[in-house]
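Listed below, chain by chain, are the residues.
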Amino acid sequence: MAVRVVVGAQWGDEGKGKITDILAESAGAVVRYQGGSNAGHTVVVNGEAFKLHLIPSGILHEDAFSIMGDGTVIDPQGLKDEIDGLKARGLSCKHLYVSGCAHVIMPYHRLLDGLQEDARGKDSIGTTRRGIGPAYTDKTARMPLPVRMWDLLCKDTLRERIENQLAQKNTIIQQLYGHAPLDVDETLDEIWPAAEALHPYIRDTRQLLLGRVDAGDDIVLEGAQGTFLDLDCGTFPFVTSSHPIAGGACLGTGIGPTMIDDVYIVAKAYTTRVGAGPFPTEDTGEQGDLIRERGHEYGTTTGRPRRCGWPDFVVIKTSARINGATGIALTLLDVLDAFEEIPVCVAYEIGGERFDTLPSQADLLSEATPIYETLEGWSEDITGCTTYEALPAAAKAYVEAVENSTGVPVKFISVGPGRNQTIKR
Ligand code: GDP
Ligand code: IMO
Ligand code: MG
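Residues numbered from 1 in each chain as written. Chains lettered and ligands numbered in written order. Predicted model: local features only at pLDDT ≥ 70, side-chain atom pairs only at ≥ 80, totals over all residues. Heavy atoms only, no water.

## Things to note about the sheet that holds strand S16 (residues 353-355)
Pairing between sheet strands relies on hydrogen bonds along the backbone, with the strands arranged either parallel or antiparallel.
Now for step 1: Overall, antiparallel pairing links the 3 strands, which are arranged S16-S15-S17 in an open sheet. Among the strands making up the open sheet, the edge pair consists of S16 and strand S17 (369-376). Taking each pair of neighbouring strands and ignoring which way they run, the sheet shows an average axis angle of 40°.
Now for step 2: Where strand S15 (residues 341-350) meets S16, 3 bridges bridge the pair, whose relative direction is antiparallel. By the bridge assignment, Glu-349 is partnered in S16 with Arg-354. (Pairing = 2+ DSSP bridges. Helix = DSSP H or I, 4+ residues; strand = E, 2+ residues; numbered from the N terminus. Axes fitted to C-alpha atoms, helices over the stretch in contact; angles between N-to-C directions.)

## Notes on the pattern of salt bridges
Now for step 1: Overall, the coordinates contain 23 salt bridges when judged by the stated rule.
Now for step 2: Where Glu-282 meets Arg-307, a salt bridge forms, and the shortest distance between an N and an O atom there is 2.9 Å. Linking Glu-282 in the loop between strand S12 (271-273) and helix H9 (286-294) with Arg-307 in strand S13 (residues 307-309), this pair joins segments that are 25 residues apart in sequence.
Now for step 3: The exposure class assigned to Glu-282 is partly exposed, which follows from its relative accessible area of 28%.
Now for step 4: Across the pair Arg-354 and Asp-356 runs a salt bridge, and its minimum N-O distance is 3.1 Å.
Now for step 5: The class for Arg-354 is partly exposed, based on a relative accessible area of 49%.
Now for step 6: Here the residues in one salt-bridge network are Asp-13, Lys-268, Glu-297 and Arg-306, joined through shared partners. (Salt bridge = Lys/Arg side-chain N within 4 Å of Asp/Glu carboxyl O. Buried < 20%, exposed > 50% of the residue type's maximum accessible area, 1.4 Å probe, protein only.)

## Notes on the coordination of the magnesium ion (ligand 3)
Now for step 1: Protein coordination at the magnesium ion (ligand 3): the donors are Asp-13 (OD) and Gly-40 (O), at 2.0 to 2.1 Å from the metal. Taken together, the residues Asp-13 in the loop between strand S1 (3-8) and helix H1 (16-24) and Gly-40 in the loop between strand S2 (27-32) and strand S3 (41-45) connect sequence positions 27 residues apart.
Now for step 2: A relative accessible area of 13% places Gly-40 in the buried class. (Donors = N, O, S within 2.8 Å, 3.2 Å for Na, K, Ca; no water.)

## Quick look at the sheet that holds strand S5 (residues 65-68)
Now for step 1: Spatially, 10 strands are ordered S9-S7-S5-S2-S10-S1-S11-S14-S18-S19 in an open sheet, and the strand pairing comes out mixed. Sheet topology places strand S9 (202-203) and strand S19 (422-424) at the edges, where each strand pairs with a single neighbour.
Now for step 2: With 4 bridges connecting them, S1 and strand S10 (residues 218-222) associate as parallel partners. Bridge pairing links Val-3 to Ile-219 in S10.
Now for step 3: Where helix H10 (residues 313-323) meets the sheet, it contacts S1 and strand S11 (262-268), and its direction lies at approximately 160° from that of S11. (Contact = heavy atoms within 4.5 Å.)

Next comes the structure, spelled out in structure tokens:
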């Protein structure tokens, strides 16, 4: 039995869904531990793509429990649509469970996310406008009582929560943003059909999960977003409102730190970011465009073109430390097939000082000049390689450079979206 955490090493979209799906093959339970439908995780099986936002990427392995943990935030309609979509494709979702303690993204959260972003103007974060920040804000505020999944079980309780929330929220919606107030009955009617449809899935998932642990099952804890979108460890304020880092897996599931055996950071072979915020190795020219086209770097959730840039070993090294990584899954390596030379950022120069790891004061990053070393490219198609030995020498040298920089072994190398395009070491 092993408990394994899958964490994004950079700013999200590293291929966590694909790696989770692979680890799920032998697992008794796969748990999403934070975030909401801001995430978009793609799993490709036999050329068929499954785009998951809330449901853990283990769902394609029907016998494993698929759990949305305490630390997630759930949009009831979004979750219902996702379940219906999977059922329409022949999946039963028979072991799908949602924590009753997960907080609910309400219509006023989505509205406020949009109003706040618009009001920020040029200083906007570039959120997904899915209501994530406002929902986590209510969780930490505690009062008036926010809506949790448990509250969806009783219509009267839900109405009471909505009444108390709107008594406060409407003041903000109207007086701060000049928007029309939300109506209690309309809000209730909007979410009740989805809320009711989710009743069979709402559980004490902490107990369920500990049961799987006691039974000796392998467990996968799946993060959303990435290390540098973490509320505390990320490039604040250009972060999400939860804890994607490995420590967040404990908070969001009820699994204690000493129960975790492995932490796999999923690192994209180059770097991308969606939304605003510092990105030292961003390439806004032709090379960045080439990476975007080769990697199909358009958001799964919002369709936005992702910002693209060169490999940043400072980011991966810092991420390995923050997460206590025991292994790296290096993904999308095939995207680099097209480059004769690969500039790799090994340190930053900021104000005349050299930084080998990311400074915690993220605003310094906007002044960072990347110090690059150039690695040789391999200029050949690696998408059919199924063993490490089959990789070209320069690709192996790239993998080993990642290991030397981080001191962490690369245990998975992904050379294409398919399950079989994965080299295990
Ligand atoms: P996540 O949010 O971390 O799960 O990542 P996304 O699913 O948002 O983005 C990763 C994208 O790359 C998805 O479309 C995957 O199907 C795809 N992908 C994953 N691994 C590889 C790989 O090794 N090579 C290529 N070319 N695509 C990959
Ligand atoms: P996955 O799990 C990439 C980014 C948004 C924005 C910031 C805050 O697919 O890797 P939010 O809506 O969370 O308040 O937005 O975080 N962001 C992501 N970027 N991948 C994601 O998820 C993301 N989820 C949020 O673009 O910059
Ligand atoms: Mg994604």
